Each structure stands twice: as C-alpha cells, then as structure tokens.
Amino acid sequence: MGEIEGTYRVLQTPGSRLGVQKTMGVSTLEPGQNLSTAMASLPAKTQERDLPIKIKMLDNTVEVLDIESKCYGQALLTEVYKHLNLIESDYFGIEFQNIQSHWIWLEPMKPVIKQVRRPKATMLRLAVKFFPPDPGQLQEEYTRYLFALQIKRDLAEERLTCSDNTAALLVSHLLQSEIGDFDESEDREHLKTNQYFPNQERIEGKILEFHRKHVGQTPAESDFQVLEIARKLEMYGIRFHLASDREGTKINLAVSHMGVLVFQGNTKINTFNWSKVRKLSFKRKRFLVKLHPEGPYQDTLEFLLGSRDECKNFWKICVEYHTFFRLFDQPKPKAKAMLFTRGSSFRYSGRTQKQLVDYIKDSGMKKTPYERRHSKVRASTRASNTEVPKQSVPFIEGLRSPGSPASAAAPFHSVHSSATPTPVLPIFAETSPSSSDPREPYTRIPEKNTAAPAEEVGRKLMQQPGSPMLQGLPVDHSQLSSLVLKNPLGLNPTFQVNLNAAGQGSSPLLSPVLSDAGGARVEEDDEMKRKRCPADKAYFIAKEILATERTYLKDLEVITVWFRSAVIKENAMPEGLMTLLFSNIDPIYEFHRGFLKEIEQRLSLWEGRTNAYMKGDYQRIGDVMLRNMRTLKEFTSYLQKHDEVLTELEKATKRLKKLEMVYKEFELQKVCYLPLNTFLLKPIQRLMHYKLILGRLCKHYTAEHRDFADCRNALKEVTEMTSQLQHSLIRLENFQKLTELQHDLIGIDNLTAPGREFIREGCLYKLTKKGLQQRMFFLFSDMLLYTSKGVTGTNQFKIHGHLPLHGMLVEESENEWAVPHCFTIYSAQKTIVVAASTRLEMGKWMEDLNMAIEMAKKSTEKSDMLLENSVCNRSNRSSDEVSLEQESEDDTHSSRSSLDRQSHHRANTTMHVCWYRNTSVSMTDHSVAVENQLSGYLLRKFKNSNGWQKLWVVFTNFCLFFYKTHQDDYPLASLPLLGYAVSAPVEADGIQKDYVFKLQFKSHVYFFRAESKYTFERWMEVIKRATSSPARSSLLLPKDERDSHTD
C-alpha cells in the first residue's frame, strides 16, 4: 500500500471556532523564531533583482515586480501586500497554474523558482485564500472591497454557481459599486463592454431592475451587500478538487472554515467537521480522513485523486485551513530530525484568524485615511449633482515584515489588462489627491492631509465595520439604504466624528452601517424639537399610534407589494390562491393607507403647525380612532378568512415545488425580516394593539375630557371585534409557529398535525457518555423533541430523538447527578437527564412539562399515532438512546434527504437566539411579545462612544430592528434581546441625559434615549415584558431568588 507521505494530526479545539486558550499544532520554524526572523536569516547571495514576475491583481490589472532570482515566496507576498497597503493580508495568497493547469498556492517558505516552472512566462494572480463565514469579521473596508472583486471573479469564472435571480442581484450591487446610481442607457452600455456573468444578456433585465433600487447606495455598502449575499451561497469560497470514492464514484472535494466537504456535481453530500476529524494524511494518490470513532461507522475514509501532486496539494490546503480557522495561536516549532525524515514537513506558518483579528483591534499603528469613490463618474446629465460620492475611513499603513529580503520598495510596472478599462488599485501614498483620477475608487491621502477640518471629514465618513458576531438578516433582493438620501432628521451639515472609533469595541449584532463612527451629534436639534412639541401625555400616546401604524403598513406591504411581485414574476401561485390571499388583504391595506394619512394630518395639527393650534380643536385623537374603528368593523369578514388563507398557503407550498422555491427565496430577502406567514397575522394582532392603546388613553383622560367619550366608544368597537377574533388568533399563532418550526427542523414531516399545540422551545444540556451536550428542545402537547444545530452550511436543527408525553414522568435530580439545575425525564422509550442554565429555566421547563403531561393524559387522541405519522423513520434504531447519541452532528448519512432545504433559514427565528443565549421561550411568551410591539425614533449610543445616532427602531419578535428612517423598506440590522437586561443607567455609565435606558448582555452595552418620559417608560415596559417573562414558574423559586428575578 505504500508509506504515509504526509500526516497532519487535527488537534481538537473546544468551544470556539476561532481556537483554544493554548497553542497547538506544529511548524517548520526553528524554536524561538517567527516568520519574519526566519525570512531575515535566509542567505541573500545577491541583491540583483533580475526576475520579472507578472501578477494579475483582483481588478484584472497586471503588475510587474522585479525580484531576486532566489527570492522566497514570502518576500514576493510581502511586496504585493505592501504595494496594496493591505493590512488583513493573511486572508489572501498568490496562485499560479502548474503544467496540468491546476491552480496552486505559492508557498511562503520555498523559493519562487522552485515552485513556478517558468516564472518569467507565468502569470501569477492575487486571490482570496481563506473565506471567513461572515464578512463582518473583515475589519477593513478595503479588505471587503477586495473580497467583492474576488466574488466578481468567481462569478465570471462560474466558480460561484447560483440562480439567475441571485446572480442578477450580485451584478446589480457590483454595478452600483463601480458606476454609481442607475441610469438605463449607461448601464446597458457598461454591461455590453463588461462581462460579469456568462450569458448575462438573458438576465440583463433583472440586473437593471435590481440596480434601479440601489439609488444612493455607496460603494462600501454595495461591497458589503455583495459579500452578504455571496456568503449564503453553498459555493461561497469553494474550490473543487476532482476525486473518486472507494466505489469509483466521481466526486469533488473541497475545504472550508468548517471542515472537509464532499460534493457530487455542485451538490454538497457530506461534511467532515473539524471537530470530528482526528487526522488527515495522503499516500500517493489516496487522501485519507481519519475520524474520531463513533458507533458502527468506519473511522477512516479514503478518496482517490488524479495524481500524487493533486493529492498533496489538497492535503496542504486542508492543513492551512484548519490552522487558520481553528487554532488560537501560531503553531509550535517542530523539532528537526537528526538523521532522516518521514513524510512531508509542510505546515501553515502564517497568522491564524484569531491572531489577525486581535492584531487589527489592538494595533497601535498610525492610521492613514483613504477615499473611496465610484469607479465611474456620471455624465453631465446630472450636472446638478456632479460630486462623486466618497467616504473617508482610518486606514493602517502598509504591512511589512521586518528584516525581510524584500523590505526595500520594489519597482512595480503597471500593465493594465484590456479586459478592464477602469483601474481600481490604490495609487501610491506620495500622489496628491487633487491629481488623482476620480474614476479610481481608492485614493491614498498623504499623511500631512490627515488633519482635515471636522466638517470635511464628517461628510466623507464611512461607518466602521461590525464585529465578527454580526447578526445579518437573510439577504437576497436586499439593498442597503443609502446614508446620503434625503435626510428627514434635519441634521446639521457640520458634525464631529471620531476617527479612532475602530479601536473601540464594536457591536456584536450590528452591521457596519449602524456602527457609531458615523453617528451624527443630534442632541442640540433634538432638544430644540422637544421644546417645540406638546408635552401632554395624550399627545405621545397618539404619536405611538402613528409610529406603530407606519410600521404596520410597511409590514402589510411585505405581502401586498413585495411578495405579490415575487409570485407574479415567477408565475408560481395558482390563480385561486392568488385571489384568496390578495382579495382578503388588499382591502385592509388600502383602508390603513387612508387611516395613516388621517393620523399624520391630525398629529401635524396637534403639534401646532397651523393656526388650528390656537383654537385647540385638534389636540385630540379619539374622533379619528372612533371613525376608523367603525369603518374597520366592515373588514371583520376578511380577517376571519385569514385562517383559511394561512392553511391554503401552507398546503400549496408543500404541493408546488415552484411556489416553495419562491417562498424560500423571498424569505431570504431583507424586506422579509420575519418569517413570511407572520405578516399574515399582523391585521388581527393590530386590533389587539388598538385595544391596548385606546385603553391607555381612556385611563389617562378624566371622564369630563372632551376626547374621553370618543376614545371610550372607539375602545368598545375594537373590543367587540377582538372578542370575535380572539380564538381565531390563538389558533393562527399556534399554526404559524408550527409551520415556522417545520421549515427549520430536519427529520419531521408533518409537524402541523391536527390537535398539536406548541408549548416551549429552548436550550438544555443533555447528559451523554461524552458529558453534557447542548441540545435544542421543543415541547408540544403530545411529544418532546430534542435536536442539535446543523453545522453543514445550514442553520436547521436535526432531530436526535422524540419522546411521547403519554406515560412521561419528570423529577428534579440535582442531588443524584451532582449537576446544577438538573432534572430527569422518564418516558416509555428511554430516560434522559438534562440540565438548564439557571434554576429559573429549570422551573419553567418542569412546570410546562408537567402541565403538558397532564394535558396528554386527558387527551382522547393517542400521541403515538401522531408521532408515527410525523417523525421520519430514518432508522430501525431511532428509539435507541445509544444510536441517537453516537450519531454525528453533521448527520453525514442523512444529508441527501435535506439537500433541498439547505441554506434556507431565517436568522431571526427565536430558536437560533435561544440556542446562542442558552434560554427558552414559551407560547405564552410569544403571545406577550405580540402585545408588546413598539416603533419610534430613538437616539442610540455605544458604551465607549461619544455621539448619539438617531435611528428608527422597531421592536417585535423579541428583537430590535434598526432603520435609518421610518420610510425604509427593510432594516439595516437587528439586535435580538432575549437574555438582555434593560435598566436605567448608573452613575458609572457617565450618561448625563434624561430618558435614557440601558440594554446589557454580558459585556455588550447599548444606550437608547427617548424623546419624553412617556416614550421612555413605554420602551422600558415593552422590552421588560417581552424579554424577561418569568411567567408562572417564578412560583417554584425561593422567595429571595424570585424577588431578584421580578425586580
């Protein structure tokens, strides 16, 4: 069989994807050396630069670099990075084609001439080597720009395969980045001369349609959107290596941040996660993956590649990927053998991702700003606005390896490729900005110009990037709102900025466009506006009606405008269902459009913008509410049909593949910021809001107030409607939740079985042979499911086991197992031991389980029948505890059955938040959250920042959604609040403003400032009620602990 030629032992890293708290791995460096000193110690026999190397950059321009004939790969890499002033250089590499036309990465620790056969005649090219799973992990805007160019290259070379719709969307953002705002004639002309996508003529119409929606979007925002869309594609960052399995089946191997991937065609059929891999090795053409032994499955997998060189090349890439993404620190030096060596000594010798991120955050290097411009200036057809949009952000000086043989500046000769007429590389720092070509998107600014006036810097400021924990929403037809659109906030054109904001801790859940660096100081304008507005509490209640009505109308438009457009375009919905859906919701939408205009007019009069203020005739809202509540009663028949609409839509989605695909693609659009069927419940839920708001108005007014009678009568009208629809709403909310879970759970076919009710979902730790393992539990009226989160590119949860409630028993067992907050679940099939994160969580679960068990006893339907019809019978051992727990979390043997469902998920479903926050949510909590929805403008401030930023904020579904203005169609970012504590700031926070509340989760702190005492109290109330609901289980806690939870 032959000797092992190369072996790499995959040392395990607990918990974090980025690494561990100790150094691991091996390196070819001598003890005490790092990469820079190693390169400095290499002999330099001659200083002549006699080897011209041609390198194609990511923008397709070609640079010629003269290097020493025996120059090592690291020296060439350093020169390229220095030329680009590239800080996050470790994500990139230089590749070249060998004799077999396979792309090979240039190795830093070997001479160039020993790797490239004919270096003078070979075209090398710069490329992204390591693709992080989230573009938010890229700290520099310039790095994201280069990543966007790589996506553009992959799209053109058909490496990044995707649907026409997604391809058109990607190209539209690239167009916006390169040539600016939509202009049909110029767009068509540009597309004729630039090929972004093979046969792009057939999708040109879609490209133009999408580009039209990006007006005002800056190049930086466009780049970010390109990465957000691309990262959700299955082929993101994938480079195929042709191979075959033991049976001779042709497959493709690839490697990513998560592990080794196996594809059949373009379909992923298996993932060997790094946590499951013990060792990687190769013998001639055979590539071997040795797994940790689990159950009856083989622990060594073998793949056959085309040649030994191909096999070794893939092995090297796997070694580098594992080290970069999984290890915490640089590998330890490997002792050299005294007499002979066995196998390859290749190891990754650069910085890990963790080191790179820490370096960028902690770097004290002086930053140099640069300008970002559109690549193309618009023609004089827009003479009134000829200034090119640009921004300025801090930029760290070029990265250099001290002591490198190529530490001196190497001469570059630009050779622009004819395929790309527009140069997009940075020019040298010595170039004056005034002499730079405005077509160049990046322009270095000399250091002497960094002290620009604050107002000039402010106009060009680019928002700082978010942290690696970016909570991006599902993106497809998404266009980030422009920061230079017509600004309704009345901001001063002169405002201060903090150019060192990059060094501050950034938000864990916000996109770059919402970070603090670009936040305007709006205190003065806000103070003036506050003094002019009425101070009556009734006014602020009326203003809450207006704000929430605006959000409600936007929610209706998700169905009436956006979803309608999607299904009509693809002709995906049957005529009968189209009629049923839109004939019910269109009249409601039209009514609320008129209602919103009335409220806006009344608030305008109330605020005294006309002479009516002197008469006092319009300082009330009851008459408007009464008139419209009476009109709304006529739509009750439409609302009663929503049950049928929801059911028929779900049936059609299961039956019609085309509709299912449109439905899934639509849920990935940024405008669909909640699960789609949630929006169908909004009309009935809105009636509940009217009832609560009118109740507050009636409580505020005295009986003698002239507005009291109208408010009381309006309350009676809406109460009559809600009493008729209350039962229907409860049933619909349960059905909506079941269908939402159906989409996100793998291994169950009919979760919406008649009679089944959702009770609670949340994270518990299950005791197994390996210790406590995190699992997601779902409690229903007839069964308990436990699952694990998928790690194969899909965020779905895979079912590990199901327990019928019939005959189940639950008891506390902390003393027996010596595990805090531990309880045991006894069922007919098996017994499991689980632990909650807190005693409060344990109390909630035990109470709900006992309640559900009692309900199951009284139920006449047999739970077993429901289970038999719903849970997939994937194995004859499905009820056996050992077989379930020894199953890989990647579920490698059932991945085929879930292929159609991969990559489709909604990031704002509560199950994902529960998983990461170690908490749970009940159906009661969902119902409370429905009652506690709020919208309005708030000022937002980070813990370490100075200025306040004004944002339109929507609180729904346990989550804050941030918009630039109330007119935006989709949120820019979101902040899930489960687990967050809301409170007033303390003295140590240094907040000297009124009406400020503080949100905190561990070290993440945000401050929000409301405009009035009423608004401040409302925000505090709704967030507290929706995010910290001890519910009935607080009765199980000791009195002192209960008081601390209900304070």
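Nothing here was measured: the structure is a model prediction, and the numbers come from that model.

1. Considering the side chain of Asp 183
So, step 1. Position of Asp 183 among the secondary structure elements: in the loop between α4 (164-179) and α5 (184-193).
So, step 2. Note on Asp 183: relative accessible area 16%, which makes it buried.
So, step 3. Among the polar contacts listed, one links the side chain of Asp 183 to the side chain of Ser 185, at a separation of 2.9 Å.

2. Brief notes about the nonpolar core
Most often, soluble globular proteins keep nonpolar side chains buried together rather than apart.
So, step 1. Judged by nonpolar contacts, the single largest core of 100 residues is most densely connected at Leu 76, Phe 92 and Phe 287.
So, step 2. If one sorts the elements of this core by residue count, helix α8 (residues 308-326) sits on top with 9 residues.

3. Considerations on the environment of Pro 219
So, step 1. By secondary structure assignment, the location of Pro 219 is in helix α7 (residues 219-230).
So, step 2. Judged by its relative accessible area of 1%, Pro 219 falls in the buried class.
So, step 3. As a C-alpha pair, Pro 219 and Gln 176 span 43 residues in sequence and 6.8 Å in three-dimensional space.

4. Describing unusual backbone geometry
So, step 1. Within the chain, Asn 571 stands out as a residue other than glycine whose phi angle is a positive 50°.
So, step 2. We note that Asn 957 has phi near 55°; this positive angle belongs to a residue other than glycine.

5. Structural notes on the environment of Val 319
So, step 1. Secondary-structure assignment places Val 319 in helix α8.
So, step 2. Taking the C-alpha atoms as reference points, Val 319 and Val 255, separated by 64 residues in sequence, lie 9.7 Å from one another.

6. Topic: helix α12 (residues 537-570)
So, step 1. For α12, which comprises 34 residues, the first-to-last C-alpha distance of 49 Å matches the rise-based estimate of 50 Å (1.5 Å per residue) to within 8%.
So, step 2. At Glu 557, α12 shows its maximal bend, which comes to roughly 40°.
So, step 3. Across the 34 residues of α12, 25 count as buried, placing the element largely inside the fold.
So, step 4. Positive backbone phi, at 50°, marks Asn 571, one or two positions downstream of α12.

7. Things to note about the sheet that holds strand β34 (residues 996-1001)
So, step 1. An order of β32-β31-β30-β29-β35-β34-β33 is seen for the 7 strands of this open sheet, with the pairing classed as antiparallel. The sheet is open, and its two borders are formed by β32 (973-976) and β33 (981-983), each paired with just one other strand. Averaged over neighbouring strand pairs, the angle between their axes works out to 35° when direction is ignored.
So, step 2. Sheet topology places strand β30 (residues 949-956) next to strand β31 (residues 959-963); 5 bridges connect them, and they run antiparallel.

8. Here's the deal with the confidence of the model for the protein chain
So, step 1. Here the protein chain averages 74 in pLDDT, and 69% of its residues register 70 or above.
So, step 2. Here residues 610-615 scores under 50 on pLDDT; set against residues more than four positions off or in separate chains, the count is 9 contacts.
So, step 3. Here residues 1030-1047 is a poorly scored stretch, pLDDT under 50, and it has 23 contacts once near neighbours within four places are set aside; other chains count.

9. Overview of the pattern of salt bridges
So, step 1. Summed over all chains, the structure comprises 47 salt bridges.
So, step 2. We note a salt bridge from Asp 164 to Arg 202, for which the minimum N-O separation is 2.5 Å. Taken together, the positions of Asp 164 in helix α4 and Arg 202 in the loop between α5 and α6 (204-212) put the pair 38 residues apart, joining distant regions of the chain.
So, step 3. The partner of Asp 309 in a salt bridge is Arg 308, with the nearest N and O atoms 3.8 Å apart.
So, step 4. Among the ionic contacts, a cluster of salt bridges with common partners joins Glu 544, Arg 696, Arg 1018 and Glu 1021.

10. A closer look at the packing of helix α15 (residues 622-632) against helix α20 (residues 682-700)
So, step 1. One way to put it is that α15 packs onto α20 with a least axis distance of 13 Å and a crossing angle of 150°. As summarised for this structure, α15 and α20 are arranged roughly antiparallel, according to the angle between their axes. By crossing handedness, the relation of α15 to α20 is classed as left-handed. Counting all contacts with α15, which are made through Met 625, Met 629 and Leu 632, the residues of α20 involved are Leu 687, Tyr 690 and Leu 694.
So, step 2. Among the residues making up the contact of α15 with α20, the classes are represented as 6 nonpolar, no polar and no charged.

11. Section: the pairing of strand β5 (residues 92-97)
Along a regular strand, successive side chains alternate from one face of the sheet to the other.
So, step 1. Of all 6 residues making up β5, 5 are buried, and the element is well covered by its neighbours.
So, step 2. Pairing of β5 with strand β7 (residues 123-128) involves 4 bridges; the strand directions are antiparallel. Pairing of Glu 95 across the sheet is with Arg 125, part of β7.
So, step 3. Where β5 meets strand β6 (residues 103-105), 3 bridges bridge the pair, whose relative direction is antiparallel. Across the sheet, residue Gln 97 finds its bridge partner in β6, namely Trp 103.
So, step 4. Between β5 and the antiparallel strand that follows it, β6, lie 5 residues; Ser 101 among them carries a positive phi value of about 65°.

12. A look at the packing of α4 against α6
So, step 1. Their axes nearest at 8 Å, the elements α4 and α6 cross at an angle of 55°. The orientation of α4 with respect to α6, classified from their angle, is oblique. Every pair of crossing elements has a handedness; the one defined by α4 and α6 is right-handed. Where α4 abuts α6, its residues Asn 165, Ala 168, Leu 169, Val 171, Ser 172, Leu 175, Gln 176 and Ile 179 lie against Lys 206, Ile 207, Phe 210 and His 211.
So, step 2. Partitioning the contact of α4 with α6 into residue classes produces 7 nonpolar, 4 polar and 1 charged.

13. Describing the packing of aromatic side chains
So, step 1. A complete count under the given rule lists 34 aromatic pairs for this structure.
So, step 2. With a centroid separation of 5.5 Å and an interplanar angle of 75°, the aromatic rings of Tyr 91 and Phe 324 are classed as edge-to-face. With a gap of 233 residues between them, Tyr 91 in the loop between α2 (73-84) and β5 and Phe 324 in helix α8 connect regions that are remote in the sequence. Comparing Tyr 91 with Phe 324 shows no difference in burial state: the two are buried.
So, step 3. An angle of 70° between the planes, with centres 4.7 Å apart, marks the rings of Tyr 673 and Phe 961 as edge-to-face. Here the residue Tyr 673 occupies a position in the loop between α18 (657-667) and α19 (676-679), and Phe 961 occupies one in strand β31, the gap between them amounting to 288 residues.
So, step 4. According to the relative accessible area criterion, Phe 961 is buried, its value standing at 0%.
So, step 5. Counting every residue linked through ring pairs, the aromatic cluster contains Tyr 91, Phe 92, Phe 130, Phe 131, Phe 147, Tyr 236, Tyr 321, Phe 324 and Phe 325.
So, step 6. We note Arg 564 situated over the ring of Phe 582; from NZ or CZ to the ring centre the distance is 4.3 Å.

Cut-offs applied
- Residues numbered from 1 in each chain as written.
- Predicted model: local features only at pLDDT ≥ 70, side-chain atom pairs only at ≥ 80, totals over all residues.
- Heavy atoms only, no water.
- Helix = DSSP H or I, 4+ residues; strand = E, 2+ residues; numbered from the N terminus.
- Buried < 20%, exposed > 50% of the residue type's maximum accessible area, 1.4 Å probe, protein only.
- Polar contact = N/O pair within 3.5 Å; in protein donor to acceptor, adjacent residues only side chain to side chain.
- Core = buried A, V, L, I, M, F, W, Y, C linked by side-chain atoms within 4.5 Å.
- Expected span 1.5 Å × (residues − 1).
- Bend = angle between axes of the 7 residues up to and from the residue.
- Pairing = 2+ DSSP bridges.
- Axes fitted to C-alpha atoms, helices over the stretch in contact; angles between N-to-C directions.
- pLDDT = per-residue confidence, 0-100.
- Contact = heavy atoms within 4.5 Å.
- Salt bridge = Lys/Arg side-chain N within 4 Å of Asp/Glu carboxyl O.
- Parallel < 35°, antiparallel > 145°, perpendicular 65-115°, else oblique.
- Left-handed = near helix turned anticlockwise from the far one by under 90°.
- Nonpolar A, V, L, I, M, F, W, Y, C, P; charged D, E, K, R; others polar.
- Phe/Tyr/Trp six-rings, centres within 6.5 Å; stacked < 30°, edge-to-face > 60°.
- Lys NZ or Arg CZ within 6 Å of the ring centre and 35° of its normal.

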